[in-house]
Amino acid sequence: MDQNRLILVLGDQLSPGLASLRGADRATDRILMAEVAEEATYVRHHKKKIAFLFAAMRHFAAELQTDGWTVTYRTLDDPDNAGSLAGEVERAIAADRPNRIVVTEPGEWRLRHEMNSWSDRFGLPVDILDDDRFLASRQDFADWAAGRKQLRMEYFYRDMRRRTGLLMDGDAPEGGKWNFDAENRKPAKADLFMPSPHRVKPDETTAAVLDLVKQRFDSHFGDLEPFWFGVTAVDAEKALDHFVEAALSSFGDYQDAMLQGERFLYHSVLSMYLNAGLLDPLAICRRVEAAYRDGHAPLNAAEGFIRQIIGWREYVRGIYWLKMPAYGSENALSAKRALPDFYWTGETDMACLKAAITQTKEEAYAHHIQRLMVTGNFAMLAGIDPHEVHEWYLAVYADAYEWVEMPNTLGMSQFADGGLLASKPYAASGNYISKMSDYCGNCAYDVKQKTGEGSCPFNALYWDFLVRNEDVLRGNPRLGQVYRTWDKMDAGKRAEYRKSAAATLERL
Ligand code: FAD
Ligand code: DLZ
Ligand code: SF4
């Protein structure tokens, strides 16, 4: 019998080289893409994230059509929209009578799990193909992890360097070291010439999506406009060019810095394009390596950037698939407090949190140190339920999909996995934030004051967190010194810390 396949392409699979498209036939197969309420509301995504994805989906569908494919595209305001991906597949089966369904594996366990029932439900074979846009397959990662006591990113990363040949000098790492992170912790100063990301004016297609999002998702978190994200591979490529030319050379030095009013510093702001499939991870890394080899960027910048992509990004995905679904319910520190309202409004007098949350609301973006050491650090120190924290991160960033967000949130930032991903909690007092940013100068609190009225809340919460979680954390060799400092502290001072922390927690 002739093949007559239905190829379902998901909203974060906007890559012409996608596995399911490579094996398909323009003459006989039909592509289905659908904007559906279920995907837009399983968490209440930021308005900009929905707009970005719908606009990028519409542009990609048009490109596929130009390239000779037959595409069924369902807009959200189609009166017959079924509301879910499965519902839209059912509709397409009724209309086109395919004899097979093909899809590239979704990035989230939730949807992957649902697809297990599709063959029975639709009475058709369903081929779920590996997503080979990642450099390490799920099997590669499972093989790497097998038999290891600890799954440290650094060792996985070295293997990825060897495998890709990126920044290698024969069998040795370029420059004699695998990792130049020690050079990448400089605080930044405001600079008139700080680059800002490449911005794209919405075209007619994007403007129609913006109207739709305004009507349908007005109650979701975040500002829709100004909307400046690119929505095509060509736009994303321009954003990459701009990053390499304007920001890459300082990316390493200021990777951990934070500045009031400078939302992007020297970061690439490419994660939403990468995660939706508009950019290819290996191609980006080759581009950055070439910039280093041509003398356009120093090694600490190129290595730092490439490590984020072939190291962290691949590693967190590996952890996600290795540990799901159990990973989703981990809570090693038994944290139970509700997420404070100010995470949704930005209305707090803590200047660092206000800045990170306000820009998240306006841009659907915050850089890594803001996510990890400001919003994440505060939530962990305050004992916020990690699942509420996870839902927040999944909803508020344009680049958020569970495969990348969950291990970063539950593992790296909240220590909810008990140390699978991070060898110690990323917990810090106000001193860290003060060193790496200029937030504290504009804050209602005094970062130097340890306890009492007007003291920086991070200071007392830091010690209180360590004491509250002593049963889990005291045995951690990397925290030995910190607990010794606490043990030696005068009893009155310790009581002051506990009292100040209790007052902050009470206010939450
Ligand atoms: P750059 O700083 O320019 O880094 C370059 C690229 O490296 C990024 O575009 C990204 O693709 C990759 N990268 C960097 N760090 C990581 C990391 N830790 N894990 C995976 N990839 C990384 N990243 C997401 O893509 N989606 C998320 O939902 C997400 N949630 C996060 C939640 C928390 C609590 C934390 C601490 C981090 C999270 N990250 C997430 C990782 C990181 O913060 C973002 O990738 C980064 O801020 C995106 O901005 P950028 O493109 O300017 O990155
Ligand atoms: C994130 C998202 C949103 C907001 N909307 C859609 C959609 O309407 N249709 C679609 O196919 N995909 C959407 N996505 C992306 C999916 O949620 C994503 O493919 C899964 O979470 C798997 O990663
Ligand atoms: Fe944040 Fe404390 Fe600094 Fe205020 S003083 S900005 S709360 S670290």
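Per chain, residue numbering runs from 1 following the sequence as it is written. Labels follow written order: the first chain is A, the first ligand is 1, and so on. Local features in this predicted model are restricted to residues of pLDDT 70 or higher, and side-chain atom pairs are both shown and tallied only at a pLDDT of 80 or more, whereas totals for entire chains, interfaces and linings draw on every residue. Side-chain metrics in this entry use all non-hydrogen atoms of the structure; hydrogen atoms and water are not considered.

Trainee: I'm lost on the site of ligand 3 in this one. Help?
Mentor: For ligand 3, the full set of nearby residues is M350, A351, C352, G430, I433, Y439, C440, C443, Y445, V447, C456 and F458. Each helix is a run of DSSP H or I of at least 4 residues and each strand a run of E of at least 2, with the numbering of both proceeding from the N terminus. Elements that contribute at least two residues to the shell around ligand 3 include exactly helix 16 (351–363) and helix 20 (430–436). All amino acids are sorted into three groups, where Ala, Val, Leu, Ile, Met, Phe, Trp, Tyr, Cys and Pro are nonpolar, Asp, Glu, Lys and Arg are charged, and the leftover types, Gly among them, are polar. Per-class residue counts for the shell around ligand 3 are 11 nonpolar, one polar and no charged. Here, proximity means that at least one heavy atom of the residue falls within 4 Å of the molecule or strand.

Trainee: Help me out: how do you make sense of the layout of surface pockets in this one?
Mentor: The method is simple in principle: a probe with the dimensions of a water molecule rolls over the atoms, and the space it marks as empty is what remains. Using a grid of 1 Å spacing that covers the protein atoms alone, one calls a set of points a cavity when a 1.4 Å probe fits there but cannot get out, and a pocket when the set is open and has protein on both sides within 12 Å along at least five of seven lines; lining residues are those with an atom within 4 Å of a point. Grid points are joined across faces, edges and corners, and a volume is the space filled by probe spheres set on the points. If you add up the space inside the second largest pocket, you get close to 280 Å³. Along the wall of the second largest pocket there are 23 residues; nearest its centre are S15, D131, R133, F134 and G277. Per-element accounting of the lining of the second largest pocket gives the leading share, three residues, to helix 14 (residues 299–323). Looking at side-chain class alone, the lining of the second largest pocket contains eight nonpolar, six polar and nine charged residues. What marks off one domain from the next here is an automatic or database domain assignment. Counting only domains with at least three residues in the lining of the second largest pocket, you end up with domain 1 (5–129) and domain 2 (138–195 + 247–323).

Trainee: Looking at this structure, how should I read helix 13 (residues 281–293)?
Mentor: For an α-helix the count is 3.6 residues per turn, leaving residues at separations of three or four pointing the same way. For helix 13, built from 13 residues, the straight-helix expectation of 18 Å at 1.5 Å per residue is met to within 8% by its first-to-last C-alpha distance of 18 Å. Each residue gets one of three labels from its accessible area relative to the maximum for its type: buried under 20%, exposed over 50%, partly exposed in between, using a 1.4 Å probe on protein chains only. Looking only at helix 13, the buried set comprises P281, I284, C285, V288, E289, A291 and Y292. Down the axis of helix 13, the smallest arc covering the buried residues is 155°, so these residues share one side. In what follows, residue pairs with any heavy atoms lying within 4.5 Å of each other are defined as contacts. Looking at the buried side of helix 13, the elements it contacts are strand 6 (168–169), helix 10 (233–246), helix 11 (248–251), helix 12 (271–276) and helix 14. Backbone geometry just downstream of helix 13 places G295 in the positive-phi region, at approximately 85°. A helix's residues, less one, multiplied by 1.5 Å, set its expected span. The arc refers to the directions leading from the helix axis to the C-beta atoms.

Trainee: Before we go on, may I ask you to explain the packing of aromatic side chains in this structure?
Mentor: Geometry of an aromatic ring pair is reported as the spacing of the ring centres plus the angle between the planes. Planes of paired rings set the category: under 30 degrees apart is stacked, over 60 is edge-to-face and the rest tilted, where pairs are Phe, Tyr or Trp rings (Trp by its six-membered ring) whose centres lie within 6.5 Å. One pass over the structure, following the stated rule, counts 30 aromatic pairs. An angle of 85° between the planes, with centres 5.0 Å apart, marks the rings of W228 and F229 as edge-to-face. Summarising the burial analysis for this pair, W228 and F229 share the class buried. Relative to F264, the ring of W228 lies with its centre 5.8 Å away and its plane at 90°, an arrangement referred to as edge-to-face. Linking W228 in the loop between helix 9 (204–216) and helix 10 with F264 in the loop between helix 11 and helix 12, this pair joins segments that are 36 residues apart in sequence. As far as burial versus exposure is concerned, W228 and F264 are alike and both buried. Placement of a charge over a ring requires the Lys NZ or Arg CZ to be within 6 Å of the ring centre, with the centre-to-atom vector within 35 degrees of the ring normal. A cation sits over an aromatic face here: R199 above W228, 4.5 Å from the ring centre. When the ring centre of F134 is taken as origin, the NZ or CZ atom of R317, which lies over that ring, is 3.9 Å away.

Trainee: Teacher, can you tell me more about the nonpolar core here?
Mentor: Note on soluble globular proteins: their nonpolar side chains tend to be buried together. Core analysis: the biggest nonpolar cluster contains 163 residues, and M33, F52, L248, Y273, Y315 and L353 have the highest contact counts within it. Here this core takes 13 residues from helix 14, the largest share from any one element. In contact with L248, not counting residues within four places along its chain, are F243, V288, A291, A297, A301 and F305. Buried residues of nine kinds, namely Ala, Val, Leu, Ile, Met, Phe, Trp, Tyr and Cys, make up a nonpolar core once their side-chain atoms join them within 4.5 Å. Core analysis: the second largest hydrophobic core is formed by 19 residues, L6, L10, A92 and V103 among them.

Trainee: Could you clarify how one ought to interpret the site of ligand 2 in this entry?
Mentor: Around ligand 2, a shell composed of 19 residues is seen, among which D12, A34, V36, E39 and R110 lie nearest. In this structure, an oxygen atom belonging to ligand 2 sits 3.0 Å away from a side-chain N or O atom of R110. Accessible areas in this description were obtained via Shrake-Rupley with a 1.4 Å probe; residue shielding takes into account the shown protein chains only. When ligand 2 is considered free in solution it has 490 Å² of accessible area, and contact with the protein chains removes 100% of it. In this description, a molecule resides in a pocket or cavity if more than half of its atoms sit within 2 Å of the grid points defining it. Applying the majority rule of atoms within 2 Å of the grid points places ligand 2 in the largest cavity. Going through the elements one at a time, helix 2 (37–41), helix 3 (47–66) and helix 5 (109–115) are the ones with two or more residues in the shell around ligand 2. Considering every element that reaches the shell around ligand 2, the biggest residue donor is helix 3, with three residues. Polar contacts, as used here, are pairs of N or O atoms within 3.5 Å; protein pairs need one atom able to donate a hydrogen and one able to accept it. Residues neighboring in sequence count only if both atoms are side-chain atoms.

Trainee: Which parts of the structure should I look at to understand the domain arrangement of the chain?
Mentor: Often the size quoted for an interface is simply the accessible area lost on bringing the parts together. Parsing the chain into structural domains produces domain 1 (5–129), domain 2 (138–195 + 247–323) and domain 3 (342–507). Across the contact, 14 residues belong to domain 1 and 10 residues belong to domain 2. Roughly 770 Å² is buried in total at the junction of domain 1 and domain 2, and carbon and sulfur atoms are behind 59% of that figure. A pairing counts as a salt bridge when a side-chain nitrogen of Lys or Arg comes within 4 Å of a carboxyl oxygen of Asp or Glu. Where domain 1 packs against domain 2, one counts one salt bridge. A salt bridge links R138 to E105; the shortest N-O distance between them is 2.6 Å. Sorting the residues of the side of domain 1 that touches domain 2 by element identifies helix 3 and helix 5 as the ones contributing at least two each. Residue contributions to the side of domain 1 that touches domain 2 peak at three residues, all from helix 3. Looking at the side of domain 1 that touches domain 2, its residues break down into six nonpolar, four polar and four charged. Buried area counts how much accessible surface, traced with a 1.4 Å probe, disappears from two parts once they are put together, with both parts' losses summed.

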